[in-house]
Every structure is written in structure tokens, then in C-alpha cells.
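# Notes for the structure review
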Amino acid sequence: MPERRTSLNNPVDEASEELLIRRIRDGEHDAFYELIRPYERRVYAAAFAITRNDADAEDVAQEAMLKALKNLRQFRGESRFSTWLIQITVNEARMRKRREHAHVVEPIVESDAEGNYTPRDFADWREIPSETLERKEIREKLAEALSSLSDIYREVFVLRDMQHLSIEETAKALGISTASVKTRLLRARLMLRDLLAPGLGGTWTTRLHFAKGTKPW
Amino acid sequence: MVVNCEKVWREISNYLEGDVDDNLRAAMEIHFQECKRCHAVLDGTRNVIDLYGDERMVEVPLGYGYRLRRRLEESTRPSRRTFLGWMVAAAATVLVAGSFEIARSSAFRRPESRSEHARSGSGVPPDMMVVVSTEGKLFHVAGCSFIHDRVHVRTIVARDAIKEGYAPCVRCMKKYLQADLRSPRPHELPIRS
């Protein structure tokens, strides 16, 4: 897959990160913010993908950071620090969700969908330019489409395609097999593609003004 | 190798991940050129990945970074707070112990004489019964005409009168004081029990 364009990909130099971790372990706790700063948005996003609530996501993000600080000595450097941090966040968010929904009858655990997914048939796909993301309503519609996915698909999609974790890292963070990650990722991507296509997910696309005055689809 | 649409849909995600072997990749690429529908699926899926992978899609609430930093600062402060707490506790302990010591020493300290002009009563036999008045400063032999407040008088032994700070009346106790003119002041004397 081609290199992702975003700055989230590898925001810090691993050597300087390692040095920073050593300083914090040696008692320089004030340096911890410097360590987590490049990941603060990603941690929030991971928390939000699971809790789907602003306040909970922020609280979970803070708790996850504190837990990371407390357990920094347990970080062996076998994985990237960001992966380790996201893993803590996912666990924290899941615990929060379980705690807050303890009174709700647990739904039947979703399993990876059997069979093939048939993508909807559209004659062609007109690209949605990334420049449109400057518009809040576009971002909201994309977020809305993402929210409509089941938890198991949304979590994988967020970690792999938004957090840019590898397939293996995503599997580790979620505690599932890489095969499951791949299956869920395929389904999530195709479902989102269908949700963003014309005639589905509302009429929001009609407000877009693209070059040549045509809709992107 | 020839692939059909179903196979392409199953593998399209892996194809975008670069996770298919060369033969399958080549076959899929041929298929995309020939199948408009699968080409649209490929374009749409790739577009979805690009859009959601953009950092602008990760929105955080206003003030999130500030609140996070403050929380972290608070969490790293307890060690200092604990140190400060220990310092305060130690200071309080010293103060309490000090005041206790002062109180204790006051309790055992011989009281100052009630009058700076009074003479020491050390020459007076300690078991001798004397009379003191509540408002007075001297102790007297019963019947002494210099007892001013005769209403609020009580009889105690000289030792206790001295302990309470009373000084001997220079008139009725005169004979005991002659021999003791150079005696130390009451607070310098050991208390005899």
C-alpha cells in the first residue's frame, strides 16, 4: 500500500523517543507530556472510536496517558511506543464501556460476517477530494457514516486506516487475529464506500460543489 | 490466472494493503481494466482510505490538550505534595511536642511569688498550718491581724501555700524569716513532697 500522506504516520524519531522514555524512567516525569504530545490526538480518536462519546473519550484518553506514565517501566520497546499507548487506550475504553453498560443486557457478540460482501454497483466513482475535508459538514458526514458501523468493524478501521497501525499492531491492540483484522477491514472499507455513495446516507452530497459543477459520484 | 468479480471483492482490501502475491495482483489489475464495476469499487475504497486517513478527520474537543497537560501535571505533582505534606506534618509534630513540653514544664514549675516584694517562706516549717486568703498574697499564722480578706480564707500547710505562690507575712512569720534572709527565691527551691 502506498505511503500514507498524513503527518500522523510516524510523528517522532524513535531514537529521541527512546531517550525521552529513559529520562522519564529515571524520574524526570515532567518530560512525559513531551513524549505523548505527538499522540494525544490519536489517543483521543482511538478512545472515541470505542466510547463514541466526547466526554468519555477525553476521560479515557487522560486515564490511558496516566496509566502509560505509571507503567512506563513495563514498556519493553518490543513494539512502538505509539502502539503500546493505543493498546492501553483501547483496553481503558473497553473497560469504561463495559462498566457504563453493565446494566444493559449484553448483545450477542458479533462474529466476523460469514460469506462475501457484495459492494453496491455504481457505474463509476468520482473521487471526493481531500480538500473538502476543510468543510465541517463533510467531516461530520464522514464521522456519521463511520459511527453507523458495528463496533467490530469501526474499531479495526479506526486503528488501521485512521491511526495507521499495521495489521499486526491492530490485531495486538484489539486482541484478535490478523485474519480477523483483514476480514473486518475489508468489510468496513466496502461498507463505508457504499455509505458514501450517491443516494445512500442522505442527501448531503448535493450541497457539494466540485469542479465542473458535478457531483463526485 | 483469471479472477472474477467476487474474488476481486474478497481480495480488494489485501490488494490495497499490498498483501497479495504477484500473480493475483497481475490478474486483478487486468480485471480492473476490463470491469467498470470493480474499478469503481477500487476507486471508492481507495478514496475512503485516503479521506479517513487524513489527520483532519481526527478532531479533538476544544481545550483537550490543555486539560490533558494539566491532568498530567497534577499527577506528577503528588510526590512534591507528599514531600510538602511530610514537611508540614513534621513541623506540626514539633510544634505539638514543643507546646506539650512547655505545658508539662509549667505544670511542674514552681509558681512565681505572688508579690515581688515577698520574702521567701523557706524558713517556715513546711507542715505548719497557715491561713491564706483567695485574693491575698501572703500566708499567715491563724489570727494574724494583717489578714485583709477574712471572708475568703482557707487553712493549708505552709508547704502548699508556698507552692501556690504565697509568701510569709513578715509580721506573724517574722521569727521564721530572720534566719532565712539570704535564702533563695521560692522558684529556686526544690519542692518537697
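In this report, the structure presented in the accompanying data block is examined. Note that the structure is a prediction, hence the values are computed from the model and not measured. (Residues numbered from 1 in each chain as written. Chains lettered and ligands numbered in written order. Predicted model: local features only at pLDDT ≥ 70, side-chain atom pairs only at ≥ 80, totals over all residues. Heavy atoms only, no water.)

What follows concerns the overall build of chain A. Along the backbone of chain A there are nine helices and zero strands. When its helices and strands are written in sequence order, chain A yields α-α-α-α-α-α-α-α-α. Element-wise, carbon and sulfur atoms account for 49% of the exposed surface of chain A, whose accessible area totals about 11,100 Å². (Helix = DSSP H or I, 4+ residues; strand = E, 2+ residues; numbered from the N terminus. Areas by Shrake-Rupley, 256 points an atom, 1.4 Å probe, with all protein chains shown as cover.)

Attention now goes to the packing of helix H3 (residues 40-51) of chain A against helix H7 (residues 151-162) of chain A. All names here are of chain A. Following both chains from N to C, one finds H3 and H7 inclined at 170°, their axes separated by 9 Å at the closest point. Between H3 and H7, the angle falls in the class roughly antiparallel. Here Ala45, Ala46, Ala49 and Ile50 of H3 lie close against H7, whose contacting residues are Arg154, Glu155, Val158 and Leu159. Classifying every residue of the contact of H3 with H7 gives six nonpolar, no polar and two charged. (Axes fitted to C-alpha atoms, helices over the stretch in contact; angles between N-to-C directions. Parallel < 35°, antiparallel > 145°, perpendicular 65-115°, else oblique. Contact = heavy atoms within 4.5 Å. Nonpolar A, V, L, I, M, F, W, Y, C, P; charged D, E, K, R; others polar.)

This brings us to the sheet that holds strand E1 (residues 129-133) of chain B. Residue and element names in this part refer to chain B. Strands sit in the order E3-E1-E2-E4 across an open sheet of four strands; the sheet is mixed. Both edges of this open sheet fall to strand E3 (153-157) and strand E4 (167-168), since each of them pairs with a single strand only. In this structure, strand E2 (residues 138-140) lies alongside E4, joined through two bridges in parallel fashion. Within E4, the position partnered with phenylalanine 139 by the bridge is proline 168. (Pairing = 2+ DSSP bridges.)

What follows concerns the environment of A:Ala61. As for its position among the elements, A:Ala61 is in helix H4 (residues 54-70). Linking A:Ala61 and A:Leu85, residues 24 residues apart in sequence, is a C-alpha distance of 9.9 Å. Setting aside residues no more than four positions away along its own chain, A:Ala61 makes contact with A:Val43, A:Tyr44, A:Ala47 and B:Tyr64.

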